[in-house]
Structures are given as C-alpha cells and as structure tokens.
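In case you want the letters, here they are:
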Amino acid sequence: MVLIEAVHQLANLVFLAILYRVLGVDPYGLLAMVVPLLYLARIVVTSGLDVATIQRPELDVSQVSALFWVQQLLGALVTLGVAAAAPVVAWFYRQPMLLEVTAVLAGTNLLATLGLQHYALLQRRLRLGAAAAIRLAAGVSGNLVAIAAAVNGWHVWALVAQMYIELAVFDLLVWTLEPFRPKLTLRGAGILGMIRFGGLCTWATFMHFVATQVDKVCLGYALGVRAAALYSQAYNLASRPVQLVITRLSTIMLPALSRAQEDPAFFRAILLICFRIIAATMFPATVGLALVGPEVMSILGGGQWRPAGPLLAILALTIVSQAFVQNFGTVLAAAGKGRPLALACTTLAALQTSAVLAGLAVGSWTNYPLEIVASFYTGALGLLAFPAYLLAVLQIAKIAVEEVCRAIWPSVRATLLMGMAVAVGRMVLSFAGAGEVIRLAALVGLGVLLYLVLARRELFELARLVLPLGAGSS
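Note that the structure is predicted; figures quoted are calculated from it, not measured.

## Re the overall build of the protein
Item 1. The number of helices and strands found in the protein is 19 helices and zero strands.
Item 2. Within the protein, residue pairs in contact and separated by at least 24 positions form 85% of the contacts whose partners lie at least 6 positions apart.
Item 3. A total of about 20,000 Å² of accessible surface is found on the protein, and carbon and sulfur atoms cover 72% of it.

So, in structure tokens, the structure goes:
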C-alpha cells in the first residue's frame, strides 16, 4: 500500500506539471470557482453514510443496501440542484462560462455515489492495498485523458473530462473488486441510528468544507480568476502531503479505532502511534515545503505560476495543523462522538471564515492581498484551531499532553535540525547564484538525507509497526 501511494503521488506531480504548462492559469481559476459547490454537493451525497458503514461494529447486507440506495437518491437530487445553481454561480463570479461548466460538472455527483459503499466496505475489511491500487488506476486514467484533451485545446474542459474519467474508472474498479451487490430495499435493522450518526458526520463535514473553502470562494469573488487559480493551486500543493499520509492513515485508523472503543488502553496506544506517524511525516514536509515553495511552483508550472510560490511557502505552514485536525476528526468519528465532532467543526468554520474576511480587509490596503489572506488563514488554523482540537481529543482519549510531547519529540528535533541546515544551504546557494533547478535539487536532497539520518531510529520503529499492516491489507 505504501509503495502504491508513493507512486500515485509522484505520478500526480508529473501529470500536474504537464497540465500546468499546457493549460496555463485561467482554467484552474474557473475550476476553483466551481469546486466549492461540488464539494458541498458531495457532502450531501455521502451524508456520512460511508463513515457509518466503516464505524458500525456489526453490519449486514440489508443495512449496506439501504444506505446505498439512500445515497443514489441523494445523488440524483444533488445533481439537479447543482445544475439549477449554475446561473447563480456564473452571476456570483461574473464569469458567463461558468454556466456551462457548472451544469456539466453537476453530473459528476451521479458517478460519485455509485462506488461509495463498495469503497467503504473495502476500508472496513482493511483491504487497503486494493483501495490504494484503485485510486492509482483512477487517477492515472483521469490525468492521461486530461493531458490529451489539453493538448487538443480543450481549455477548462480538459479538467472536466479528468473528473469524469477518474470517477468512472473508480466506480468500475470498486464494483469489480468488492463483491457486495445491493438488494432493492430502503430498510435495514439499525439503519435509522446509522443515518442519525451519518447526519452528524455530514454536518461536521459541511463545516469543515466551509473552513477549507471559504478562502477560495472569497478570493475568487473579490479578486477574480487569476487570484483564485494561484491561491487554490498553492493550497492544493500544500495539502498533498496531508492527502498522501493522513487521508490514507485515516483509512486504517477509522476501522481500527472503531474496533478498539471497548479497550481504552489499546485505543490510546493506537492514537499515540498515529501521532508519531503524523509528526514523522508532516513536520519535515511543513518545514521543507515552506523553504522551497517558490522553486517548486516555478519549476512545476513555469514563469506564469511563479507568483504562487510565496503563497505555497506560507500555506505549507498549515500542513501540520491540517494533518492533526483531520486526524482528530477521525478519532471523534471512530469513537462515535458525533455531536462533539459537529461542534468542533462548526467552531473551526467560524474561526477560519473570520480569519479570511479579516485577511481580505487588511490585504485590500496592501499590494499583497493573497499573501495576507494566506497568512491569516494559516495563523488561525495553527495558533487557535489546532491547540483546541488537540486538548479536546486528548481529554476524550485520556492522554496527557506530556505523553504526546514525548511521542513526537524525536521527529520534531530532527525536523528543526534539518530545517536549519536547509535554510543555511538556501542562503549559500542563492548567494552563489545557483539556478532554481539546481537549488531545488540540492536543497531537497540535503533535507531528505539529513532528516533520514537524524530520525532513523524513529522511522525504523514506525516502519516496524505500520508496514506489516500496509503490506498485509491488499
């Protein structure tokens, strides 16, 4: 599973670099204006019912079948709703082309529902290798189609085609690998309880959606297509380490912690291991990407994407906070704490919305509005939301702060030393006039090698604990 995910992310970066250079900035800006509405629609479609499938201690075919058909009905309704909202989206952003783009993308919600329960069952059964292979095949298929379409001048429609192909291949594969076939029923013992829990998860996901998308919506409205493209792609790149490690870690954590609810000591042990994994991966990713962000954007996309470099450097500082906050949400869901999860995400949404609006207000007085918004967003997430989430989860799990500090200290110490060395190396290379490619290659090589040496004991120990599960879950 780990190897498949590494290949997936590497392939994504290569495909992204090609698309950046072929398509340019504007298509990504148009897509960034529609994506928040699509994400909102997906929240309604899932309704937390995939989480309920994974979290439920005991499950039968009638329950899964009922949840499957509920999601299909929701998918059809949401598709009609998004298509009907297309004129509003075009009016809001003052971009007539968004009318067609939004209407066409509405249909992706139908595809998004077809494989949700099958994929949840794969996760529940810890067939994580198969799940990773499905994501890889779907992602590669979508990217190849997008590149072919982009080369033929499809503009934003290349990105639309990418979404359709990726979802279609995903559905085909999960139906092939997961033997579940839904019965024609909307009833199942215990389904109302699962729907109630799913409803709380839905509200929590909706609030998390607000917290993570409000900055893109506000910037697209206030500053237009180019600003939306630069900011959204910088944010997406900063989120990639979280998607690579934490989103995949959650596929292990949710079923594992759900089964450990009746064993507090085992629950705490699993959670501390997860904290160590987050620290060992996200701290170096945060520091490293913050130091080389400008070079990354320039080399990936060329000169037209260079203004996104400083944004990536700032938003990279959200990596640790994103990772822990997402992890904490998984813990609450696994423990069946639907109400605390909904409350925590509601608070997070209010906090991040306030930060973005304040950043826009301050940024309007300067020549750097995007950087100001990114700084406000990053500060609110890291200095306010993260500590509050941490204390809440530690109280539920009955873990002392000192235990967490001891668990993550080896990775933090190695990251600090690595970061200082890379910062010095950056200054030396800049003074020597080294080009961007040479500078990035040298700094990444130095950082990776030094971190592997400094954190070798912690990394070996974590590999011993985690790799057998990843290898045995195909």
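That shown, we press on.
## Concerning helix α5 (residues 98-105)
Item 1. Of all the residues in α5, the buried ones are Leu-98, Val-101, Thr-102 and Leu-105. One side of α5 holds all its buried residues, which, seen down the axis, span an arc of 95°.

## Examining the pattern of salt bridges
Item 1. On inspection of all chains with the given rule, the structure shows six salt bridges.
Item 2. Across the salt bridge formed by Arg-439 and Glu-295, the nearest N and O atoms sit 2.8 Å from each other. With Arg-439 in helix α18 (residues 436-454) and Glu-295 in helix α12 (residues 264-301), this residue pair connects regions lying 144 residues apart in the sequence.
Item 3. Three or more residues joined by partner-sharing salt bridges are found here, namely Glu-295, Arg-426 and Arg-439.

## Brief notes about the packing of α12 against helix α17 (residues 401-431)
Item 1. Look at α12 against α17: their axes get within 9 Å of each other, and the N-to-C directions meet at 15°. Between α12 and α17, the angle is such that the two are roughly parallel. Like other packed secondary-structure pairs, α12 and α17 cross with a definite hand, here right-handed. Each of Leu-272, Phe-275, Arg-276, Ala-279, Ala-280, Phe-283, Pro-284, Val-287, Leu-291, Val-292, Pro-294 and Glu-295 in α12 lies in contact with α17, whose residues at this interface are Glu-403, Val-404, Ala-407, Ile-408, Ser-411, Val-412, Thr-415, Met-418, Gly-419, Val-422, Ala-423 and Arg-426.
Item 2. Of the residues in the contact of α12 with α17, the class split is 17 nonpolar, three polar and four charged.

## Quick word on the nonpolar core
Item 1. Counting 115 residues, the largest nonpolar core has Tyr-28, Tyr-231, Phe-275 and Met-282 as the members making the most contacts within it.
Item 2. Residue contributions to this core peak at 14 residues, all from α12.
Item 3. Once you skip the residues sitting within four places of it in the chain, Tyr-231 turns out to touch Asp-215, Lys-216, Leu-219, Leu-311, Leu-315, Leu-370, Val-373, Ala-374 and Tyr-377.
Item 4. Judged by nonpolar contacts, the second largest core, of seven residues, contains Tyr-119, Leu-122, Ile-134 and Val-174.

## Focus: the side chain of Thr-318
Item 1. Within the element layout of this structure, Thr-318 appears in the loop between α13 (308-315) and α14 (319-334).
Item 2. Thr-318 gets classed as buried once you look at its relative accessible area, which sits at 0%.
Item 3. Within polar-contact distance, the side chain of Thr-318 engages the backbone oxygen of Leu-315 at 2.6 Å.
Item 4. Every residue in contact with Thr-318, bar those within four places of it in the chain, is listed here: Tyr-377, Thr-378 and Leu-381.

## A short note on the packing of aromatic side chains
Item 1. Under the definition given, this model contains 11 aromatic pairs.
Item 2. Measuring from ring centre to ring centre gives 4.9 Å for Phe-92 and Tyr-93, while their planes differ by 85°; the resulting arrangement is edge-to-face.
Item 3. Between Phe-275 and Phe-324, the aromatic rings sit 5.8 Å apart at their centres with planes inclined by 55°, giving tilted as the arrangement. With Phe-275 in helix α12 and Phe-324 in helix α14, the pair connects residues that are 49 residues apart, well separated along the chain. Both residues of the pair, Phe-275 and Phe-324, belong to the buried class.
Item 4. Members of the aromatic cluster, each reached through a chain of ring pairs, are Tyr-20, Tyr-28 and Trp-305.
Item 5. Cation over ring: Arg-94 sits above Tyr-221, and NZ or CZ is 5.0 Å from the ring centre.

Conventions adopted
Residues numbered from 1 in each chain as written. Predicted model: local features only at pLDDT ≥ 70, side-chain atom pairs only at ≥ 80, totals over all residues. Heavy atoms only, no water. Helix = DSSP H or I, 4+ residues; strand = E, 2+ residues; numbered from the N terminus. Contact = heavy atoms within 4.5 Å. Areas by Shrake-Rupley, 256 points an atom, 1.4 Å probe, with all protein chains shown as cover. Buried < 20%, exposed > 50% of the residue type's maximum accessible area, 1.4 Å probe, protein only. Arc of directions from axis to C-beta. Salt bridge = Lys/Arg side-chain N within 4 Å of Asp/Glu carboxyl O. Axes fitted to C-alpha atoms, helices over the stretch in contact; angles between N-to-C directions. Parallel < 35°, antiparallel > 145°, perpendicular 65-115°, else oblique. Left-handed = near helix turned anticlockwise from the far one by under 90°. Nonpolar A, V, L, I, M, F, W, Y, C, P; charged D, E, K, R; others polar. Core = buried A, V, L, I, M, F, W, Y, C linked by side-chain atoms within 4.5 Å. Polar contact = N/O pair within 3.5 Å; in protein donor to acceptor, adjacent residues only side chain to side chain. Phe/Tyr/Trp six-rings, centres within 6.5 Å; stacked < 30°, edge-to-face > 60°. Lys NZ or Arg CZ within 6 Å of the ring centre and 35° of its normal.

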